[in-house]
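Listed below are the residues making up each chain.
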Amino acid sequence: MKKLKIGIVGCGAIGCSLAKVVARDLKSEAALCALYDIDESKALRLSELTVKNISCGFDTLISRSDLVIEAASAKCSWMVARKALEKGRDVMIMSVGGVLDHAKELSRLASKQKARVYIPSGAISGVDALKASGVGKISKVMITTRKHPLSFQGVEYLKNKGVRPEKIRQDTVLFSGPAKDAVKYFPQNINVAAVLSLAGIGSSKTQVRIIASPLVKRNIHEIEIVSDAGRVFTRTENVLHPDNPKTSYLAVLSAIATLKAIVRPVSIGT
Ligand SMILES: NC(=O)c1ccc[n+]([C@@H]2O[C@H](COP(=O)([O-])OP(=O)(O)OC[C@H]3O[C@@H](n4cnc5c(N)ncnc54)[C@H](O)[C@@H]3O)[C@@H](O)[C@H]2O)c1
(Lines give C-alpha, C1' and ligand atoms only; values in the text may rest on other atoms or scores of the structure.)
Protein backbone atom coordinates (compact mmCIF):
# COMPACT_ATOMS: atom_id res chain seq x y z
CA MET A 1 0.00 0.00 0.00
CA LYS A 2 1.20 3.53 -0.82
CA LYS A 3 2.42 5.38 2.27
CA LEU A 4 0.67 8.61 3.20
CA LYS A 5 3.18 11.48 2.92
CA ILE A 6 2.76 13.83 5.88
CA GLY A 7 4.03 17.40 6.24
CA ILE A 8 3.75 19.33 9.52
CA VAL A 9 3.46 23.12 9.82
CA GLY A 10 4.46 24.21 13.34
CA CYS A 11 7.09 22.26 15.27
CA GLY A 12 6.05 23.09 18.86
CA ALA A 13 4.48 20.83 21.49
CA ILE A 14 1.83 19.29 19.18
CA GLY A 15 3.92 19.23 15.98
CA CYS A 16 6.84 17.51 17.76
CA SER A 17 4.62 14.84 19.33
CA LEU A 18 2.89 14.12 16.01
CA ALA A 19 6.15 13.99 14.04
CA LYS A 20 7.64 11.48 16.50
CA VAL A 21 4.55 9.25 16.32
CA VAL A 22 4.53 9.30 12.50
CA ALA A 23 8.27 8.53 12.31
CA ARG A 24 8.23 5.86 15.04
CA ASP A 25 4.79 4.20 15.25
CA LEU A 26 3.19 4.68 11.84
CA LYS A 27 6.21 3.74 9.72
CA SER A 28 4.40 1.09 7.71
CA GLU A 29 1.43 3.33 6.83
CA ALA A 30 2.88 6.86 6.62
CA ALA A 31 6.09 8.77 5.92
CA LEU A 32 7.06 12.08 7.48
CA CYS A 33 8.23 14.05 4.45
CA ALA A 34 8.36 17.76 5.39
CA LEU A 35 8.58 20.06 8.43
CA TYR A 36 8.11 23.82 8.45
CA ASP A 37 8.21 26.33 11.30
CA ILE A 38 8.40 30.10 11.20
CA ASP A 39 11.38 29.55 13.53
CA GLU A 40 13.55 27.42 11.25
CA SER A 41 15.73 26.16 14.12
CA LYS A 42 12.70 24.27 15.51
CA ALA A 43 12.05 22.46 12.21
CA LEU A 44 15.75 21.63 11.86
CA ARG A 45 15.91 20.24 15.40
CA LEU A 46 12.78 18.12 14.92
CA SER A 47 14.11 16.81 11.61
CA GLU A 48 17.30 15.70 13.42
CA LEU A 49 15.14 13.79 15.94
CA THR A 50 12.86 12.16 13.36
CA VAL A 51 13.72 12.09 9.64
CA LYS A 52 16.90 13.83 8.46
CA ASN A 53 16.87 16.74 5.98
CA ILE A 54 13.12 17.32 5.73
CA SER A 55 13.01 20.88 7.10
CA CYS A 56 11.86 23.02 4.19
CA GLY A 57 9.90 26.07 3.07
CA PHE A 58 6.11 26.26 3.27
CA ASP A 59 5.46 25.86 -0.48
CA THR A 60 7.81 22.88 -0.69
CA LEU A 61 5.98 21.28 2.25
CA ILE A 62 2.65 21.58 0.44
CA SER A 63 4.00 20.15 -2.80
CA ARG A 64 5.65 17.17 -1.02
CA SER A 65 2.69 16.18 1.23
CA ASP A 66 -0.51 14.19 0.75
CA LEU A 67 -1.67 15.35 4.20
CA VAL A 68 -0.69 18.74 5.65
CA ILE A 69 -1.00 19.02 9.45
CA GLU A 70 -1.39 22.55 10.80
CA ALA A 71 -0.10 22.79 14.39
CA ALA A 72 1.10 26.39 14.40
CA SER A 73 -1.25 29.24 15.26
CA ALA A 74 -4.81 30.50 14.80
CA LYS A 75 -3.31 33.45 12.92
CA CYS A 76 -2.19 31.22 10.05
CA SER A 77 -4.43 28.13 10.19
CA TRP A 78 -6.91 29.36 7.58
CA MET A 79 -4.10 30.33 5.18
CA VAL A 80 -2.43 26.92 5.65
CA ALA A 81 -5.72 25.06 5.10
CA ARG A 82 -6.62 27.16 2.05
CA LYS A 83 -3.22 26.73 0.35
CA ALA A 84 -3.15 22.98 1.05
CA LEU A 85 -6.70 22.48 -0.23
CA GLU A 86 -6.10 24.61 -3.34
CA LYS A 87 -3.33 22.14 -4.26
CA GLY A 88 -5.67 19.21 -3.58
CA ARG A 89 -3.95 18.18 -0.34
CA ASP A 90 -5.81 16.83 2.67
CA VAL A 91 -5.43 18.91 5.81
CA MET A 92 -5.65 18.39 9.58
CA ILE A 93 -6.27 21.57 11.54
CA MET A 94 -5.30 22.03 15.19
CA SER A 95 -5.71 25.83 15.52
CA VAL A 96 -9.44 25.46 14.93
CA GLY A 97 -10.34 28.96 16.13
CA GLY A 98 -8.61 30.39 13.05
CA VAL A 99 -10.99 28.63 10.65
CA LEU A 100 -14.24 29.18 12.56
CA ASP A 101 -15.28 32.14 10.39
CA HIS A 102 -14.33 30.25 7.20
CA ALA A 103 -16.27 27.02 7.79
CA LYS A 104 -18.39 27.29 4.63
CA GLU A 105 -15.43 28.17 2.42
CA LEU A 106 -13.41 25.33 3.94
CA SER A 107 -16.09 22.83 3.08
CA ARG A 108 -16.69 24.30 -0.42
CA LEU A 109 -12.99 24.23 -1.26
CA ALA A 110 -12.49 20.69 0.07
CA SER A 111 -15.41 19.37 -1.93
CA LYS A 112 -14.29 21.19 -5.13
CA GLN A 113 -10.76 19.77 -4.77
CA LYS A 114 -11.96 16.33 -3.60
CA ALA A 115 -9.75 16.75 -0.54
CA ARG A 116 -10.51 16.04 3.10
CA VAL A 117 -10.39 18.23 6.20
CA TYR A 118 -9.77 16.62 9.59
CA ILE A 119 -10.51 18.45 12.85
CA PRO A 120 -9.65 16.39 15.95
CA SER A 121 -11.89 16.66 19.03
CA GLY A 122 -8.93 18.13 20.91
CA ALA A 123 -9.14 18.72 24.64
CA ILE A 124 -12.85 17.89 25.06
CA SER A 125 -15.01 14.78 25.24
CA GLY A 126 -18.51 14.46 23.81
CA VAL A 127 -17.92 15.44 20.16
CA ASP A 128 -18.96 11.93 19.08
CA ALA A 129 -22.35 12.27 20.84
CA LEU A 130 -22.74 15.86 19.63
CA LYS A 131 -22.35 14.80 15.99
CA ALA A 132 -24.79 11.92 16.43
CA SER A 133 -27.30 14.16 18.24
CA GLY A 134 -27.05 16.67 15.37
CA VAL A 135 -28.53 14.11 12.98
CA GLY A 136 -31.71 14.73 14.99
CA LYS A 137 -32.58 18.06 16.60
CA ILE A 138 -30.36 19.74 19.19
CA SER A 139 -31.87 22.37 21.48
CA LYS A 140 -28.84 23.20 23.65
CA VAL A 141 -25.06 22.96 23.62
CA MET A 142 -23.22 24.49 26.55
CA ILE A 143 -19.59 24.28 27.61
CA THR A 144 -18.42 25.37 31.05
CA THR A 145 -14.66 25.77 31.32
CA ARG A 146 -12.89 26.02 34.68
CA LYS A 147 -9.29 27.10 34.87
CA HIS A 148 -7.00 28.49 37.54
CA PRO A 149 -7.23 32.32 37.69
CA LEU A 150 -3.57 32.68 36.70
CA SER A 151 -4.41 31.07 33.32
CA PHE A 152 -6.28 34.27 32.53
CA GLN A 153 -3.43 36.67 33.17
CA GLY A 154 -2.90 39.08 30.28
CA VAL A 155 -6.41 38.60 28.79
CA GLU A 156 -7.25 42.01 27.28
CA TYR A 157 -11.03 41.62 27.79
CA LEU A 158 -10.53 41.21 31.56
CA LYS A 159 -8.07 44.11 31.75
CA ASN A 160 -10.67 46.35 30.08
CA LYS A 161 -13.24 45.25 32.67
CA GLY A 162 -10.83 45.93 35.54
CA VAL A 163 -10.70 42.23 36.54
CA ARG A 164 -7.33 41.18 38.03
CA PRO A 165 -7.02 37.36 37.88
CA GLU A 166 -4.29 37.27 40.56
CA LYS A 167 -6.78 38.75 43.06
CA ILE A 168 -9.50 36.11 42.50
CA ARG A 169 -10.02 34.04 45.69
CA GLN A 170 -13.26 32.17 44.88
CA ASP A 171 -15.03 30.73 41.82
CA THR A 172 -15.80 33.69 39.54
CA VAL A 173 -17.72 33.62 36.25
CA LEU A 174 -15.57 35.63 33.82
CA PHE A 175 -17.76 35.15 30.76
CA SER A 176 -21.16 33.81 29.82
CA GLY A 177 -22.37 34.09 26.25
CA PRO A 178 -22.19 32.71 22.71
CA ALA A 179 -19.08 30.89 21.45
CA LYS A 180 -18.55 33.51 18.76
CA ASP A 181 -17.84 36.10 21.48
CA ALA A 182 -15.92 33.67 23.71
CA VAL A 183 -13.39 32.98 20.95
CA LYS A 184 -12.91 36.74 20.46
CA TYR A 185 -12.41 37.59 24.14
CA PHE A 186 -10.62 34.43 25.34
CA PRO A 187 -8.21 33.40 22.61
CA GLN A 188 -6.71 30.67 24.82
CA ASN A 189 -10.13 29.01 25.01
CA ILE A 190 -10.68 29.38 21.31
CA ASN A 191 -10.12 25.81 20.14
CA VAL A 192 -12.57 23.91 22.35
CA ALA A 193 -15.37 26.43 21.67
CA ALA A 194 -14.59 26.34 17.93
CA VAL A 195 -14.59 22.53 17.69
CA LEU A 196 -17.86 22.37 19.60
CA SER A 197 -19.46 25.03 17.38
CA LEU A 198 -18.35 23.37 14.14
CA ALA A 199 -19.45 19.90 15.26
CA GLY A 200 -22.82 21.09 16.59
CA ILE A 201 -25.12 24.08 16.16
CA GLY A 202 -22.71 26.87 15.23
CA SER A 203 -20.96 29.65 17.14
CA SER A 204 -24.03 31.86 17.68
CA LYS A 205 -26.08 29.14 19.39
CA THR A 206 -23.32 27.30 21.28
CA GLN A 207 -23.14 28.73 24.81
CA VAL A 208 -19.90 29.19 26.72
CA ARG A 209 -19.25 29.86 30.42
CA ILE A 210 -15.74 30.53 31.62
CA ILE A 211 -15.00 30.28 35.33
CA ALA A 212 -11.82 31.20 37.17
CA SER A 213 -11.48 28.67 39.98
CA PRO A 214 -8.61 29.01 42.49
CA LEU A 215 -8.93 25.38 43.64
CA VAL A 216 -8.53 23.66 40.25
CA LYS A 217 -5.16 22.35 39.11
CA ARG A 218 -6.33 21.06 35.71
CA ASN A 219 -8.29 22.67 32.87
CA ILE A 220 -11.81 21.29 33.26
CA HIS A 221 -14.40 21.32 30.47
CA GLU A 222 -18.02 20.29 31.15
CA ILE A 223 -20.32 19.93 28.18
CA GLU A 224 -24.10 19.62 28.18
CA ILE A 225 -25.99 18.62 25.04
CA VAL A 226 -29.79 18.49 24.99
CA SER A 227 -31.45 16.97 21.95
CA ASP A 228 -34.30 14.76 20.73
CA ALA A 229 -32.05 11.85 21.68
CA GLY A 230 -31.83 12.88 25.35
CA ARG A 231 -29.26 14.67 27.49
CA VAL A 232 -25.51 14.16 27.35
CA PHE A 233 -23.17 15.49 30.02
CA THR A 234 -19.39 15.12 29.83
CA ARG A 235 -16.58 16.33 32.08
CA THR A 236 -12.94 16.33 31.02
CA GLU A 237 -10.15 17.11 33.49
CA ASN A 238 -7.10 17.88 31.43
CA VAL A 239 -3.49 17.29 32.40
CA LEU A 240 -1.36 19.99 30.79
CA HIS A 241 1.25 19.23 28.15
CA PRO A 242 4.74 19.19 29.72
CA ASP A 243 6.23 21.23 26.81
CA ASN A 244 3.44 23.82 26.63
CA PRO A 245 1.21 24.40 29.68
CA LYS A 246 -1.35 26.20 27.48
CA THR A 247 -1.98 22.95 25.61
CA SER A 248 -3.83 20.00 27.14
CA TYR A 249 -2.13 16.64 26.76
CA LEU A 250 -5.43 15.12 25.56
CA ALA A 251 -5.42 17.50 22.55
CA VAL A 252 -2.15 15.95 21.39
CA LEU A 253 -3.45 12.42 21.93
CA SER A 254 -6.64 13.32 20.07
CA ALA A 255 -4.58 14.44 17.06
CA ILE A 256 -2.59 11.20 17.18
CA ALA A 257 -5.81 9.16 17.36
CA THR A 258 -7.20 11.08 14.36
CA LEU A 259 -4.02 10.35 12.43
CA LYS A 260 -4.26 6.65 13.26
CA ALA A 261 -7.90 6.63 12.11
CA ILE A 262 -6.81 8.15 8.77
CA VAL A 263 -4.12 5.57 8.03
CA ARG A 264 -5.71 2.46 9.53
CA PRO A 265 -8.59 0.52 8.01
CA VAL A 266 -10.97 0.17 10.97
CA SER A 267 -12.72 3.28 12.26
CA ILE A 268 -14.47 3.18 15.65
CA GLY A 269 -16.75 5.86 17.10
CA THR A 270 -19.07 8.35 15.45
N1 LIG B 1 -7.66 21.71 18.85
C2 LIG B 1 -7.28 21.73 20.12
O3 LIG B 1 -7.96 21.22 21.01
C4 LIG B 1 -5.99 22.39 20.50
C5 LIG B 1 -5.45 22.17 21.77
C6 LIG B 1 -4.25 22.75 22.08
C7 LIG B 1 -3.63 23.60 21.17
N8 LIG B 1 -4.20 23.83 19.97
C9 LIG B 1 -3.59 24.75 19.00
O10 LIG B 1 -2.62 24.06 18.23
C11 LIG B 1 -1.58 24.97 17.88
C12 LIG B 1 -0.22 24.37 18.28
O13 LIG B 1 -0.19 24.16 19.67
P14 LIG B 1 1.20 23.86 20.41
O15 LIG B 1 0.88 23.56 21.82
O16 LIG B 1 2.01 22.90 19.62
O17 LIG B 1 1.86 25.32 20.34
P18 LIG B 1 3.42 25.69 20.47
O19 LIG B 1 3.46 27.14 20.80
O20 LIG B 1 4.12 24.72 21.34
O21 LIG B 1 3.97 25.49 18.98
C22 LIG B 1 3.56 26.26 17.88
C23 LIG B 1 4.68 26.27 16.86
O24 LIG B 1 4.20 26.89 15.66
C25 LIG B 1 5.17 27.82 15.20
N26 LIG B 1 4.49 28.85 14.41
C27 LIG B 1 3.78 29.92 14.87
N28 LIG B 1 3.29 30.63 13.83
C29 LIG B 1 3.70 29.99 12.71
C30 LIG B 1 3.49 30.22 11.32
N31 LIG B 1 2.80 31.27 10.88
N32 LIG B 1 4.04 29.36 10.44
C33 LIG B 1 4.79 28.31 10.88
N34 LIG B 1 5.00 28.02 12.18
C35 LIG B 1 4.46 28.86 13.08
C36 LIG B 1 5.87 28.34 16.45
O37 LIG B 1 7.17 28.83 16.15
C38 LIG B 1 5.91 27.08 17.31
O39 LIG B 1 7.08 26.31 17.10
C40 LIG B 1 -1.88 26.29 18.61
O41 LIG B 1 -2.50 27.20 17.72
C42 LIG B 1 -2.85 25.89 19.69
O43 LIG B 1 -3.76 26.93 20.04
C44 LIG B 1 -5.34 23.23 19.62
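The notes below deal with the structure included here. (Residues numbered from 1 in each chain as written. Predicted model: local features only at pLDDT ≥ 70, side-chain atom pairs only at ≥ 80, totals over all residues. Heavy atoms only, no water.)

1. Description of the packing of aromatic side chains
- For the structure on display, the rule yields 7 aromatic pairs.
- Ring geometry for Y157 and Y185: centres 4.3 Å apart, planes at 15°, overall stacked. You can see Y157 sitting in helix 7 (residues 156–160) and its partner Y185 sitting in helix 8 (residues 179–185), a full 28 residues away along the chain.
- Among the residues examined, Y185 registers a relative accessible area of 30% and is labelled partly exposed. (Phe/Tyr/Trp six-rings, centres within 6.5 Å; stacked < 30°, edge-to-face > 60°. Helix = DSSP H or I, 4+ residues; strand = E, 2+ residues; numbered from the N terminus. Buried < 20%, exposed > 50% of the residue type's maximum accessible area, 1.4 Å probe, protein only.)

2. A word on helix 4 (residues 77–86)
- When helix 4 is considered as a whole, its buried residues turn out to be S77, W78, V80, A81, A84 and L85. Projected down its long axis, helix 4 shows its buried positions confined to an angular sector of 160°, all on one face.
- The inward-facing, buried residues of helix 4 abut strand 1 (4–9), helix 3 (58–64), strand 3 (67–70), strand 4 (90–93), helix 5 (103–112) and strand 5 (117–118).
- Immediately beyond the C-terminal end of helix 4, within one or two residues, lies G88, with a positive phi of roughly 80°. (Arc of directions from axis to C-beta. Contact = heavy atoms within 4.5 Å.)

3. Some remarks on the side chain of E224
- With respect to the helices and strands, E224 occurs in strand 9 (residues 219–227).
- The class of E224 is buried, set by a relative accessible area of 17%.
- Within polar-contact distance, the side chain of E224 engages the side chain of R231 at 2.9 Å.
- Setting aside anything within four residues of it in sequence, one finds E224 in contact with K140, V141, M142, R231, V232 and F233. (Polar contact = N/O pair within 3.5 Å; in protein donor to acceptor, adjacent residues only side chain to side chain.)

4. A word on the packing of helix 1 (residues 13–25) against helix 10 (residues 249–263)
- Relative orientation of the contacting elements helix 1 and helix 10 amounts to 35°, with a least axis distance of 10 Å. Read as a crossing pair, helix 1 and helix 10 show a hand that is right-handed. Residues I14, S17, L18, V21 and V22 of helix 1 lie in contact with helix 10, whose contacting residues are V252, A255, I256 and L259.
- Classifying every residue of the contact of helix 1 with helix 10 gives 8 nonpolar, 1 polar and no charged. (Axes fitted to C-alpha atoms, helices over the stretch in contact; angles between N-to-C directions. Left-handed = near helix turned anticlockwise from the far one by under 90°. Nonpolar A, V, L, I, M, F, W, Y, C, P; charged D, E, K, R; others polar.)

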